[in-house]
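Observations on chain architecture
What follows is each chain in one-letter form.
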Amino acid sequence: MTRKLIVSVLVSLDGYIADEKGSVLALERFYRDHLPAGVVDWRVPPDFDTVLVGKNTYKCYYHSLLNMTKKEVIVFSHTPLAGLGANMRCFSGEVSSLIKRLQANEGKNIWLFGGGDLIDQVVCSDLVDQIRLVTLPLNLTKGIALFNTTHQAPKVNLQSLETKYEMSYSIWSK
């Protein structure tokens, strides 16, 4: 069975995954304030063993990623990064070739957690198997868009949609 590439992120109602400075604070604050205690984090896909992140996402979620000791975390960066945990490594090569190599190996699914450039590259390469969105009723008005509108939209269909706690959770699959 081929490992699926799953994009799973928080997104504002107007389609942004971070504000214009790259901060996810407004999204995270709303999400944490409205997700009841004990409810599973909707962003985290089931059955994965590898996490892919861009350099800015790595910086925003450093401590959370560091705590994923049983997962391989691959950070896409053209410059070396300090403070990588034992489960982390930096990668500066071509995104699609790495993903194809990961998918060819045995293992569980692969979670792409952000950022925008990385998501854009895998969508343009038609490598995404599933997109999981937690849509929050916030308008950032500017920022880092989930999808680059100058490129072709992902080739996915709505699989499920659930609305709870003032948020929508949708799963889109090939």
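See the structure printed just above.
Computed from a predicted structure; not experimentally measured. (Residues numbered from 1 in each chain as written. Predicted model: local features only at pLDDT ≥ 70, side-chain atom pairs only at ≥ 80, totals over all residues. Heavy atoms only, no water.)

Below, the discussion takes up the overall build of the chain. Across its full length, the chain carries five helices and 10 strands. On the principal axes, the C-alpha backbone points of the chain span a range of 40 × 35 × 35 Å. Taking all 174 residues of the chain together, 45% fall into the buried category. Of the contacts formed within the chain by residues at least 6 apart in sequence, a portion of 67% connects residues at least 24 apart. Roughly 9,300 Å² of accessible area belongs to the chain as shown, and the carbon and sulfur atoms make up 52% of that amount. Where the 19 positive side-chain charges of the chain centre and where its 17 negative ones centre are 4 Å apart. (Helix = DSSP H or I, 4+ residues; strand = E, 2+ residues; numbered from the N terminus. Buried < 20%, exposed > 50% of the residue type's maximum accessible area, 1.4 Å probe, protein only. Contact = heavy atoms within 4.5 Å. Areas by Shrake-Rupley, 256 points an atom, 1.4 Å probe, with all protein chains shown as cover. Lys, Arg positive; Asp, Glu negative; His and termini not counted. Charge placed at Lys NZ, Arg CZ, Asp CG, Glu CD.)

So, on to the sheet that holds strand β4 (residues 72–76). Strand order in the open sheet formed by eight strands is β5-β4-β3-β6-β1-β7-β10-β9, with mixed pairing between adjacent strands. Edge positions in the sheet fall to β5 (88–91) and β9 (157–164), since each of these pairs with one other strand and no more. Within this sheet the neighbouring strands show an average axis-to-axis angle of 20 degrees, counted without direction. As defined by bridge partners, strand β3 (residues 48–54) adjoins β4 across five bridges and the pair is classed as parallel. By the bridge assignment, V53 is partnered in β4 with V75. (Pairing = 2+ DSSP bridges. Axes fitted to C-alpha atoms, helices over the stretch in contact; angles between N-to-C directions.)

Here we take up the side chain of S77. Examined against the element boundaries, S77 turns out to sit in the loop between β4 and β5. In this structure, S77 is in contact with K55, C90, F91 and S92, ignoring residues within four places of it in sequence.

Here we come to the nonpolar core. Counting residues in hydrophobic clusters, the biggest one holds 25 residues, and the most contacted among them are L5, L52, F76, L112, I119 and V122. Looking at this core, the elements that each hand over two or more residues are β1 (5–12), β4, α4 (95–104), β6 (109–114), α5 (116–124) and β7 (130–136). With near-sequence residues (within four places) excluded, L52 lies in contact with L5, I74, F76, I99, L102, I110, W111, L112, F113, G114 and L118. A18, L81, M88 and F113 belong to the second-largest nonpolar core, a separate cluster that totals 15 residues. (Core = buried A, V, L, I, M, F, W, Y, C linked by side-chain atoms within 4.5 Å.)

This part takes up the packing of aromatic side chains. All told, the structure shown has seven aromatic pairs when counted by the stated rule. Aromatic pair W42 and Y165: ring centres 6.0 Å apart, planes at 35 degrees, arrangement tilted. Within this pair, whereas W42 is found in the loop between α1 (25–34) and β3, its partner Y165 is found in the loop between β9 and β10 (167–173), the two being separated by 123 residues in sequence. Accessibility expressed as a relative area gives 31% for Y165, which makes it partly exposed. Here the aromatic rings of W42 and Y169 are separated by 5.3 Å at their centres, their planes lie at 25 degrees, and the arrangement is stacked. (Phe/Tyr/Trp six-rings, centres within 6.5 Å; stacked < 30°, edge-to-face > 60°.)

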